[in-house]
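Breakdown of the fold
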Amino acid sequence: MSPERINPAELSPATGFSHAVVATGSRLVFLAGQTALDGGGKVVGEGLAEQFEVALANLLTALAAAGGSPADLARVTVYAVDVAAYREHAAELGRIWRRLAGRDYPAMAVIGAVRLWDERALVELDGFAVLP
């Protein structure tokens, strides 16, 4: 993929996301929602940051299995059961993102959810990628 990340000067500064991503490629990969499930299907991690790290790692594992890398991500949606806590931990979550996925940010949104499929899950990530 040859992504073009667009962040117009007229919009607020894009911190930890891109306002728009233009992606060219030949293969779309749609990534199912990933929570902090371990290989046995149990939610791991007591706090938001711990669960975010596992959920992101799971999303990237699925992407890698499809032949992609973090730089191929065009869009990621984060579903959080506590948006205030997500904002409170934003700096830590950003460090986790950069360590696992780098600094090429996809277009992103954070959406508050009453609850997720598994009641213990605090956060879920889904998205899509464009591969060359």
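We now turn to the structure provided with this report. Owing to the predicted nature of the structure, the values given are computational and were not obtained by experimental measurement.

Our next topic: the packing of aromatic side chains. Following the criterion strictly, the structure yields two aromatic pairs and no others. Their ring planes at 40° and their centres at 6.0 Å tell us that phenylalanine 30 and phenylalanine 128 sit as a pair that is tilted. Here phenylalanine 30, found in strand E3 (residues 27-34), pairs with phenylalanine 128, found in strand E6 (residues 123-131); they are 98 residues apart in sequence, far enough to count as distant. Ring geometry for phenylalanine 52 versus tyrosine 86: centroids 6.3 Å apart, planes at 70°, classification edge-to-face. Of this pair, phenylalanine 52 sits in helix H1 (residues 48-65) while tyrosine 86 sits in helix H2 (residues 83-88); the two residues are 34 residues apart in sequence, bridging distant segments of the chain. Each member of the pair phenylalanine 52 and tyrosine 86 is classed as buried.

This part is about the nonpolar core. Proteins that are soluble and globular tend to have nonpolar side chains buried together. In this structure, Phe52, Leu63, Leu73, Val76, Trp97 and Leu125 are the most contacted members of the largest nonpolar core, which totals 27 residues. Elements with a minimum of two residues in this core: E3, H1, strand E4 (73-80), H2, helix H3 (90-101) and E6. With eight residues, H1 is the single largest residue contributor to this core. Setting aside chain neighbours within four positions, we find leucine 125 in contact with Ala32, Gly33, Gln34, Phe52, Ala55, Leu56, Leu59, Val76, Thr77, Val78 and Trp97.

Packing of H1 against H3 brings their axes to within 10 Å, and their N-to-C directions diverge by 25°. With respect to each other, H1 and H3 are oriented roughly parallel. Considering only the axes of H1 and H3, their crossing is right-handed. Where H1 approaches H3, its residues Leu48, Ala49, Phe52, Glu53, Leu56, Ala57 and Leu60 are matched on the opposing element by Glu92, Leu93, Ile96, Trp97, Arg99, Leu100 and Ala101. Across the contact of H1 with H3, the residue classes tally to eleven nonpolar, no polar and three charged.

Taking 1.5 Å as the rise per residue, H3 with twelve residues should run 16 Å; its terminal C-alpha atoms sit 15 Å apart, in good agreement. Among the residues making up H3, those that are buried are Leu93, Gly94, Ile96, Trp97 and Ala101. The buried residues of H3 occupy an angular sector of 160° when the element is viewed end-on, so they sit on one face. Away from its buried face by more than 90 degrees, H3 exposes Ala91 and Arg99. For H3, the secondary structure elements touched by its buried residues are H1, E4, H2, strand E5 (107-112) and E6.

Moving on, we get to the pattern of salt bridges. Evaluated as defined, the whole model comprises three salt bridges. In this structure, the salt-bridge partner of arginine 115 is glutamate 119, at a minimum N-O distance of 3.4 Å. We classify arginine 115 as partly exposed; its relative accessible area is 45%. The exposure class assigned to glutamate 119 is exposed, which follows from its relative accessible area of 66%.

Among the secondary structure elements, serine 18 is positioned in the loop between strand E1 (4-6) and strand E2 (20-22). Here serine 18 falls in the buried class, since its relative accessible area comes to 5%. A polar contact of 2.8 Å, which involves the side chain of serine 18, links it to the backbone oxygen of tyrosine 105. Not counting the four nearest positions on each side in its chain, serine 18 is found in contact with Arg5, Asn7, Tyr105, Pro106, Ala107 and Met108.

Cut-off values and rules
- Residues numbered from 1 in each chain as written.
- Predicted model: local features only at pLDDT ≥ 70, side-chain atom pairs only at ≥ 80, totals over all residues.
- Heavy atoms only, no water.
- Phe/Tyr/Trp six-rings, centres within 6.5 Å; stacked < 30°, edge-to-face > 60°.
- Helix = DSSP H or I, 4+ residues; strand = E, 2+ residues; numbered from the N terminus.
- Buried < 20%, exposed > 50% of the residue type's maximum accessible area, 1.4 Å probe, protein only.
- Core = buried A, V, L, I, M, F, W, Y, C linked by side-chain atoms within 4.5 Å.
- Contact = heavy atoms within 4.5 Å.
- Axes fitted to C-alpha atoms, helices over the stretch in contact; angles between N-to-C directions.
- Parallel < 35°, antiparallel > 145°, perpendicular 65-115°, else oblique.
- Left-handed = near helix turned anticlockwise from the far one by under 90°.
- Nonpolar A, V, L, I, M, F, W, Y, C, P; charged D, E, K, R; others polar.
- Expected span 1.5 Å × (residues − 1).
- Arc of directions from axis to C-beta.
- Salt bridge = Lys/Arg side-chain N within 4 Å of Asp/Glu carboxyl O.
- Polar contact = N/O pair within 3.5 Å; in protein donor to acceptor, adjacent residues only side chain to side chain.

Just geometry here; none of it tells us what the structure is for.
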